[in-house]
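Inside the fold
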Amino acid sequence: MLKYVFKRIILMIISLFLIMTLLFVLIRLLPNQVESVQGGFDKGLKDMREAWGYNKPIMVQYGIFLKNVFTKWDWGFCTTMGTFLQPVDKYLASKLPATIYINVLSLIISLPLGIGFGIIAAVNKNKWQDKFVQFFIIVFISVPSFVYAFLLQYIVGFKLNLCPLVLSGGTNWFSWEMFHSAILPVLALSFCPIAGDMRLIRAELSETLTSDYMLLARTKGLSKAQATIRHAFRNSMVPLVPTFLADFLYIISGSMIIEQIFAVPGIGKTYLLSIEQKDYSVFMACSMFYITIGLLAGILFDLSYGFIDPRIRMGGNKTNEL
């Protein structure tokens, strides 16, 4: 297992380096990398350009970039976003709490609801509870999250006036005002993961409940609830691990659009604005942020297979069958 983890980490680092190199080269080939100030460059901007080697060959620039990132954690400076010449890492650090807030709330809501309703549908297969869940699965999966965002804004926020239209509440993330204003973006992000979890939990658990070992468990005296929780649910979780990874990545990527719609001052909104405003240092840092999260999530969810099912051992040697 340790050998497998070490190998995956090495591959992740190589992947990050290759992607970072490709992004850097492509970004440096774009025009207007640093906008002029009042028809020319002021002294501070000239000093920054000189320090980052903008007038030197691209490979020299890349060497300076890598040195600054890995020795100082310096991702460059803002040119069109934030405060002029503000360090990118400090600028993005101020945007990170909002993204973490709505993404964590979405995961907390989507996973329990998806699993819970999926279990209800599987245990009551072909009954009215199952048909009710299937109806919402079709509706939630068929419509993208940004459509729900606009509908929630118009119906719940504007017509019914139950929630604020945009995120508010200042910097107190544990206040009722902040939580109340985050309800709509969190719901918009959660609908599709809830539906996906319900569909797969229902399918896997329905098949597991009809297996031979479940019949044996019932004949040994276990109740239907005990057999479902102790045996059926755990075995059905193994193929569902990639689904939870997909939920996590869906929420992370979907928050880019949701943050824009609900004016959430997070990394996702900043990522899109960096493209529009041609602030390529911010774009580079945001890209590596999302890429790193995706690669780390892949490793963590691969390792979770072994914890869910002890028969699975990643990277182990094949044993001889007796």
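Residues numbered from 1 in each chain as written. Predicted model: local features only at pLDDT ≥ 70, side-chain atom pairs only at ≥ 80, totals over all residues. Heavy atoms only, no water.

Thoughts on the packing of helix 6 (residues 145–159) against helix 7 (residues 176–209)
Angle between the axes and distance between the axes are the two parameters that describe a pair of packed helices. Put simply, the rule is: Axes here mean lines fitted to C-alpha atoms, for a helix over just the part in contact, with angles spanning 0 to 180 degrees between N-to-C directions. Think of it this way: any DSSP run of H or I at least four residues long counts as a helix, any run of E at least two long counts as a strand, and we number them from the N terminus. Take the far helix as your reference; a near helix turned counterclockwise from it by less than a right angle gives a left-handed crossing, and one turned clockwise gives a right-handed crossing. Any two residues having at least one pair of non-hydrogen atoms within 4.5 Å are treated as being in contact. Side-chain classes follow a simple rule in which Ala, Val, Leu, Ile, Met, Phe, Trp, Tyr, Cys and Pro form the nonpolar group, Asp, Glu, Lys and Arg form the charged group, and the remainder, Gly included, forms the polar group.
Orientation of helix 6 relative to helix 7, taken along the N-to-C sense of each, is 145 degrees, at an axis distance of 9 Å. Crossing handedness for the pair helix 6 and helix 7: right-handed. Contacts from Ser145, Tyr148, Ala149, Leu152, Gln153, Val156 and Gly157 in helix 6 reach Leu184, Leu187, Ala188 and Phe191 in helix 7. Class assignment for the residues of the contact of helix 6 with helix 7 results in eight nonpolar, three polar and no charged.

Quick notes on the packing of aromatic side chains
This is how it is decided: Pairing of aromatic side chains requires ring centres within 6.5 Å, counting the rings of Phe and Tyr and the six-membered ring of Trp. Pairs whose planes differ by under 30 degrees are stacked, by over 60 edge-to-face, and all others tilted. Relative accessible area decides the class of each residue, using a 1.4 Å probe on protein chains only: under 20% of the type maximum gives buried, over 50% gives exposed, and in between gives partly exposed.
Per the counting criterion, the structure on display carries 17 aromatic pairs. Ring centres 6.3 Å apart and planes at 15 degrees place the aromatic pair Tyr62 and Phe65 in the stacked group. Of this pair, Tyr62 and Phe65 both sit in helix 3 (residues 58–72), three residues apart, which is roughly one turn of that helix. In this structure Phe65 comes out as buried when scored by relative accessible area, which is 3%. Relative to Phe140, the ring of Phe136 has its centre 5.6 Å away and its plane inclined at 45 degrees; by these criteria the two rings are tilted. Within this pair, Phe136 and its partner Phe140 are both found in helix 5 (residues 128–142), separated by four residues, close to a single helical turn. One aromatic cluster is present, built from ring pairs that chain together Phe17, Phe24, Tyr62, Phe65, Trp73 and Trp75.

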